[in-house]
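# Examination of the molecular architecture
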Amino acid sequence: AIKGFVFDLDGVITDSAEYHYIAWKNLAAGLGIELDRAFNEQLKGISRMDSLNRILAYGNQSDMYDAAQKEALAQKKNDEYVKLIQQVTPADILPGISELFADLKAAGIRIALASASKNGPFILERLGLMAQVDTIVDPAELANGKPDPEIFLKAAEQLNLAPAECVGVEDAEAGIEAINRAGMFSVGVGTKEAMKDADYYVTSTQELKLSEILRRAS
Ligand code: G6P
Ligand code: MG
């Protein structure tokens, strides 16, 4: 039986994926690299430095910066991102998520957060959801980012559950792969193309219904 739900944050619980995109797009533009939404799909779920490395490779600039310069670029992106998320309020919880959380609570199913973002706890606080989440995986403690299953395995461990007792919810291609490799039932939010490897997918969060997910996961 399913006893835990492991949620990604950006693009699942709130639309902060859009703020990551804006901040990366602006940073890249300053380097003469133009990002579009198709390329951005590859950045979702990916850590800050890995994202920068992918952008530099995309712009054929991988060899142009040393480690210290890359740290400064990543910091610059984060400074803009942190500014953007100051405005986040509970009104920014994506449609259907509050209902889903309430249904999970009522069903006695525990909730974990598995976000690669070091800004995750701040956003959860701003959304007023901190008390509803049972455990948060600290991305700073991970050896490998998504699509490695480590963050989802860690979430199951922190919930004291087996991966097979958990459902993972993601909007990133790398995230769906991580959930699948962890041995959890994967639920995707996004386009059919981006979510092609998900066990079940919906196009928007308001379609996430606990009864339907449990029916499909069992
Ligand atoms: C999540 C987002 C990514 C972001 C990463 C790191 O996985 O989907 O877009 O790059 O977190 O976020 P951070 O806030 O630590 O830079
Ligand atoms: Mg995401």
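See the structure printed just above.
A short tour of the structure in this document, coming up. If you're wondering where the values come from, they're calculated on a predicted model, not measured in any experiment. (Residues numbered from 1 in each chain as written. Chains lettered and ligands numbered in written order. Predicted model: local features only at pLDDT ≥ 70, side-chain atom pairs only at ≥ 80, totals over all residues. Heavy atoms only, no water.)

### Quick word on the coordination of the magnesium ion (ligand 2)
Protein-derived coordination of the magnesium ion (ligand 2) comes from Asp-8 (OD), Asp-10 (O) and Asp-171 (OD), at a distance range of 2.0 to 2.2 Å. Each donor residue of the magnesium ion (ligand 2) belongs to the same chain, with the gaps between them written as D-x1-D-x160-D. One end of the pair, Asp-10, is in the loop between strand E1 (4-7) and helix H1 (16-30); the other, Asp-171, is in the loop between strand E4 (166-170) and helix H8 (173-182), with 161 residues separating them in the sequence. The two residues Asp-10 and Asp-171 agree in class, both being buried. (Donors = N, O, S within 2.8 Å, 3.2 Å for Na, K, Ca; no water. Helix = DSSP H or I, 4+ residues; strand = E, 2+ residues; numbered from the N terminus. Buried < 20%, exposed > 50% of the residue type's maximum accessible area, 1.4 Å probe, protein only.)

### A few points about the packing of aromatic side chains
According to the stated counting rule, one finds three aromatic pairs in the structure shown. Summarising the aromatic geometry, the rings of Phe-39 and Tyr-58 are spaced 4.0 Å apart at their centres and angled 25 degrees between planes, so their arrangement reads as stacked. You can see Phe-39 sitting in helix H2 (residues 37-40) and its partner Tyr-58 sitting in helix H3 (residues 48-58), a full 19 residues away along the chain. Residue Phe-39 is classed as buried on the basis of its relative accessible area of 5%. For Tyr-58, a relative accessible area of 40% puts it in the partly exposed group. Joined through ring pairs, the aromatic side chains of Phe-5, Phe-7 and Phe-101 make up one cluster. The cationic tip of Lys-77 hangs over the ring face of Tyr-81; the distance from NZ or CZ to the ring centre is 4.7 Å. (Phe/Tyr/Trp six-rings, centres within 6.5 Å; stacked < 30°, edge-to-face > 60°. Lys NZ or Arg CZ within 6 Å of the ring centre and 35° of its normal.)

### Focus: the pairing of E4
Counting buried positions over the five residues of E4 gives five, a clear majority of the element. Across four bridges, the pairing between E1 and E4 is parallel. Bridge pairing in E4 places Gly-4 opposite Cys-166. Two elements, E4 and strand E5 (residues 185-189), share four bridges in a ladder whose sense is parallel. Within E5, the residue paired with Val-167 across the bridge is Phe-185. (Pairing = 2+ DSSP bridges.)

### A look at the site of ligand 1
Close to ligand 1 lie Asp-10, His-20, Leu-43, Lys-44, Gly-45, Ile-46, Arg-48, Ser-51, Ala-116, Ser-117, Lys-118 and Asn-119. At a separation of 2.8 Å, an oxygen atom of ligand 1 approaches a polar backbone atom of Ile-46. Here Lys-118 contributes a backbone N or O atom positioned 2.7 Å from an oxygen atom of ligand 1. Protein chains bury 97% of the 390 Å² of accessible surface belonging to ligand 1 in isolation. Looking at the shell around ligand 1 residue by residue, the classes come out as three nonpolar, five polar and four charged. (Near = heavy atom within 4 Å. Polar contact = N/O pair within 3.5 Å; in protein donor to acceptor, adjacent residues only side chain to side chain. Areas by Shrake-Rupley, 256 points an atom, 1.4 Å probe, with all protein chains shown as cover. Nonpolar A, V, L, I, M, F, W, Y, C, P; charged D, E, K, R; others polar.)

### Section: the packing of H1 against H3
Contact geometry for H1 and H3: axes closest at 11 Å, N-to-C directions at 45 degrees. On the basis of the axis angle, H1 is oblique to H3. Crossing of H1 over H3 shows right-handed handedness. Together, Trp-24, Leu-27 and Ala-28 of H1 and Arg-48, Ser-51, Leu-52 and Ile-55 of H3 make up the contact between the two elements. (Axes fitted to C-alpha atoms, helices over the stretch in contact; angles between N-to-C directions. Parallel < 35°, antiparallel > 145°, perpendicular 65-115°, else oblique. Left-handed = near helix turned anticlockwise from the far one by under 90°. Contact = heavy atoms within 4.5 Å.)

### Side note on the sheet that holds strand E6 (residues 200-202)
Spatially, six strands are ordered E3-E2-E1-E4-E5-E6 in an open sheet, and the strand pairing comes out parallel. Pairing within the sheet leaves two strands with one partner each, and these edge strands are strand E3 (135-136) and E6.

### Regarding the pattern of salt bridges
If the charged atoms of two oppositely charged side chains come close together, the side chains can form a pair. As enumerated under the stated definition, the model contains ten salt bridges in all. Glu-141 serves as the salt-bridge partner of Lys-154, at 3.3 Å between the closest nitrogen and oxygen. Residue Lys-154 is found in helix H7 (residues 150-158), and its partner Glu-141 is found in the loop between E3 and H7; the two are separated by 13 residues along the sequence. The class for Lys-154 is partly exposed, based on a relative accessible area of 22%. Note on Glu-141: relative accessible area 52%, which makes it exposed. The partner of Glu-212 in a salt bridge is Arg-215, with the nearest N and O atoms 2.9 Å apart. With a gap of three residues between them, Glu-212 and Arg-215 both fall in helix H9 (residues 210-217), about one helical turn apart. (Salt bridge = Lys/Arg side-chain N within 4 Å of Asp/Glu carboxyl O.)

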